[in-house]
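These are the residues of each chain, in order.
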Amino acid sequence: MLTLPQNSPITDGAAACLHRLRARIAAAATAAGRTEQSITVVAVSKGHGTAAIQALAQLGVEHFGESYLQEALAKMDALAGLELNWHFIGRLQANKTRGVAERFAWAHGVDRLRIAERLAAQRPHRAPPLNVCLQVQLAADADRGGIPAAQLPALAASVAVLPRLRLRGLMCMLPEGLSTAAQRAQFESVHALLLELNRGGAQLDTLSMGMSGDFEAAIAAGATLVRIGTALFGSRNAQPGP
Ligand SMILES: *Cc1c(COP(=O)(O)O)cnc(C)c1O
């Protein structure tokens, strides 16, 4: 695998984007009385090639998110020399669970017990537990998948006892075009669900919420992991495919 030169345009561009993003995260964290270190950045690299991933990895980014299994596996193979944590953030269909169970560190879009059971059965014994976030359905946007809040406690209880998985928390995805106040209210409702589960005995430590267009509101509402694509890599449409 090639090492990118320190001053290539791609490395300089990535460094500038990362610097700007970190400054915004730090400001949002400070405004919320939190530390920047309490927020993990997952760089969402779907639609972008391996050189862009490598550039961010060389700048210290350790977490990368992908939504499409075949695209992700090709990049993992190409970047096998790097120690990266891969997050599957797409909707999980039953026929994709094996690849996710075998190759990823995290799965964020779990919203059905059947999918979690397949992940547990297919997670290799030699691998550490697969970190799982349950996707919560938001009232404002039922199309994006997720479990309705009323069914969440039962699903969480069932997933928590599956072998080879570690239930870490909740994930959500907001529709575009909400006001900042509306974004924050939605994120706070998901945070409240997590606190409720923990009061019931769960031990969840992860709120996976916030994308390029709404991560500041998510951080204000307690996000511990933000999934950032466009603000780090630029527009996906402008890029050649992987
Ligand atoms: C694409 C995607 C992101 C990143 O979106 P940006 O708006 O580009 O930051 C985050 N989460 C999920 C689930 C996604 O599919």
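Rules used throughout
- Numbering of residues starts from 1 in every chain and runs along the sequence as written.
- Thresholds applied to this predicted model are a pLDDT of at least 70 for local features of residues and 80 or more for the giving and counting of side-chain atom pairs; totals over whole chains, interfaces and linings are not thresholded and use all residues.
- Derived side-chain values reflect all non-hydrogen atoms in the structure, with water molecules and hydrogen atoms excluded from consideration.
- Secondary structure follows DSSP: runs of H or I at least 4 residues long count as helices, runs of E at least 2 residues long count as strands, and numbering of each begins at the N terminus.
- Our radius of gyration looks at C-alpha atoms and nothing else; its globule reference is 2.2 Å times the residue count to the power 0.38.
- Whether two residues are in contact is decided by their heavy atoms: any pair within 4.5 Å suffices.
- For every accessible area listed, the method is Shrake-Rupley and the probe measures 1.4 Å; residues are considered covered only by the protein chains on display.
- We count a salt bridge whenever a side-chain nitrogen from Lys or Arg sits within 4 Å of a carboxyl oxygen from Asp or Glu.
- Take the buried Ala, Val, Leu, Ile, Met, Phe, Trp, Tyr and Cys residues and link them wherever side-chain atoms come within 4.5 Å; each set so joined is a nonpolar core.
- Buried residues are those whose accessible area, probed at 1.4 Å on protein chains only, stays under 20% of the maximum for their type, while exposed residues exceed 50% and partly exposed ones sit between those limits.
- Here a polar contact is taken to be a pair of N or O atoms separated by no more than 3.5 Å, where protein atoms must pair a possible hydrogen donor with a possible acceptor and residues adjacent in sequence count only if both atoms sit in side chains.
- One heavy atom within 4 Å of a molecule or strand is enough for the residue carrying it to be called near that molecule or strand.
- In the cavity and pocket records, a cavity denotes points on a 1 Å grid over the protein atoms alone where a 1.4 Å probe fits but cannot get out, a pocket denotes an open set with protein on both sides within 12 Å along at least 5 of 7 lines, and lining residues are residues with an atom within 4 Å of a point.
- Assignment of a molecule to a cavity or pocket requires that more than half of its atoms lie within 2 Å of the corresponding grid points.
- To get an axis, a line is fitted to the C-alpha atoms, and for a helix only the part in contact is used. The angle between two axes follows their N-to-C directions and goes from 0 to 180 degrees.
- Angle categories are assigned with fixed cut-offs, so that under 35 degrees is roughly parallel, over 145 is roughly antiparallel, 65 to 115 is roughly perpendicular, and the rest are oblique.
- A crossing counts as left-handed when the near helix is turned anticlockwise from the far one by less than a right angle, and as right-handed when that turn is clockwise.
- Each residue receives one of three labels: charged for Asp, Glu, Lys and Arg, nonpolar for Ala, Val, Leu, Ile, Met, Phe, Trp, Tyr, Cys and Pro, and polar for the others, Gly being one of them.

Enquirer: Before we go on, may I ask you to explain the overall build of the chain in this structure?
Expert: Secondary structure assignment for the chain yields nine helices and eight strands. In terms of C-alpha radius of gyration, the chain reaches 17 Å, essentially the compact-globule figure of 18 Å for 242 residues. By principal-axis analysis of the C-alpha atoms, the chain measures approximately 50 × 40 × 30 Å. A fraction of 59% describes how many contacts in the chain between residues 6 or more apart in sequence connect residues 24 or more apart. Carbon together with sulfur atoms contributes 52% to the accessible area of the chain, which is approximately 11,300 Å² in total.

Enquirer: How should I be thinking about the pattern of salt bridges in this particular structure?
Expert: Applying the stated criterion across every chain, the model contains 10 salt bridges. In this structure, Glu216 and Arg24 form a salt bridge, with 2.9 Å as the shortest nitrogen-oxygen distance. Of this pair, Glu216 sits in helix H8 (residues 215-220) while Arg24 is found in helix H1 (residues 9-31), placing the two residues 192 residues apart along the sequence. A salt bridge links Asp111 to Arg112; the nearest nitrogen and oxygen atoms lie 3.6 Å apart.

Enquirer: I'm lost on the nonpolar core in this one. Help?
Expert: Side chains of a nonpolar character, in soluble globular proteins, are inclined to be buried together. Grouped together as the largest cluster of nonpolar side chains are 68 residues, with contacts concentrated most on Phe64, Leu119 and Leu134. The element that contributes the greatest number of residues to this core is H1, accounting for six residues.

Enquirer: Would you mind going over the side chain of Ser45 with me for this structure?
Expert: Turning to its location among the elements, Ser45 is positioned in the loop between strand E1 (40-44) and helix H2 (50-58). On the basis of relative accessibility, which here comes to 0%, the residue Ser45 falls in the buried class. Here the side chain of Ser45 touches Glu66 through a polar contact of 2.6 Å, side chain to side chain. Those residues within four positions of Ser45 in sequence are excluded, and the remaining contacts are Ile53, Phe64, Gly65, Glu66, Glu71, Lys75, Trp86 and Phe233.

Enquirer: Would you explain the environment of Gln122 in this entry?
Expert: In this fold, Gln122 is placed in helix H5 (residues 113-122). Under the relative-accessibility criterion, Gln122 is labelled buried at 11%. Linking Gln122 and Glu102, residues 20 residues apart in sequence, is a C-alpha distance of 7.0 Å. Excluding anything up to four places from it in sequence, Gln122 contacts Thr97, Arg98, Ala101 and Glu102.

Enquirer: What is the right way to read the site of the ligand from this model?
Expert: Taken together, 13 residues surround the ligand, and among them Lys46, Ser212, Gly229, Thr230 and Arg236 come closest. Between the ligand and Lys46, the relevant distance is 2.6 Å, taken from an oxygen atom to a side-chain nitrogen or oxygen of the residue. Take Arg227: an N or O atom from its side chain is 2.8 Å from a nitrogen atom of the ligand. About the coverage of the ligand: the protein hides 91% of its 390 Å² of free accessible area. With respect to the pocket detection grid, the ligand is positioned in the largest pocket.

Enquirer: Which parts of the structure should I look at to understand the packing of H1 against H2?
Expert: Think of two packed helices as two axes; the pair is described by the angle between the axes and how far apart they sit. The interhelical angle for the contact between H1 and H2, taken along N-to-C directions, is 60 degrees, at an axis separation of 9 Å. With respect to H2, the axis of H1 lies oblique. Judged by the sense of rotation from one axis to the other, the crossing of H1 with H2 is right-handed. Across from Ile10, Thr11, Ala14 and Leu18 in H1, the residues of H2 making contact are Ala51, Ala52, Ala55 and Leu56. Per-class residue counts for the contact of H1 with H2 are seven nonpolar, one polar and no charged.

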